[in-house]
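Chain by chain, the residues run as shown.
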Amino acid sequence: ASGAGQSRFEAELQRAVALFKQDRLPEAERWFHRAGLLNPADPRPFINVAMIYRIWGHLDAAVTWLEKALV
């Protein structure tokens, strides 16, 4: 992503991080997904989704999202 797309990506990623820090995990999950769609080459949204799934005890899903981060 570049230019306006990168700015939107960063804004959505930061929104997700803020929600995560407030323990608003369902909302954070949605915003991390949105950020991941905007810039699938950046691993940060996928790593954060994996952390949320780990917190929720969905370990298989967490591993799947970590694998997406590596692609």
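Up top is the structure these notes are about.
A brief look at the structure comes next. (Residues numbered from 1 in each chain as written. Predicted model: local features only at pLDDT ≥ 70, side-chain atom pairs only at ≥ 80, totals over all residues. Heavy atoms only, no water.)

## Some details on the pattern of salt bridges
Pairing is possible between side chains that carry opposite charge, provided their charged atoms lie close to one another.
Then, in step 1: Within this structure, the stated rule accounts for five salt bridges.
Then, in step 2: When the shortest N-O distance is used, the salt bridge between arginine 44 and glutamate 10 registers 2.8 Å. With arginine 44 in helix α3 (residues 44–55) and glutamate 10 in helix α1 (residues 4–21), this residue pair connects regions lying 34 residues apart in the sequence.
Then, in step 3: Exposure remark for arginine 44: the relative accessible area of 33% places this residue in the partly exposed category. (Salt bridge = Lys/Arg side-chain N within 4 Å of Asp/Glu carboxyl O. Helix = DSSP H or I, 4+ residues; strand = E, 2+ residues; numbered from the N terminus. Buried < 20%, exposed > 50% of the residue type's maximum accessible area, 1.4 Å probe, protein only.)

## Side note on the environment of leucine 37
Then, in step 1: Within the secondary structure layout, leucine 37 lies in helix α2 (residues 25–38).
Then, in step 2: Judged by relative accessible area, leucine 37 falls into the exposed class, the value being 73%.
Then, in step 3: Sequence spacing of leucine 37 and phenylalanine 9 is 28 residues, and the spatial spacing of their C-alpha atoms is 8.8 Å.

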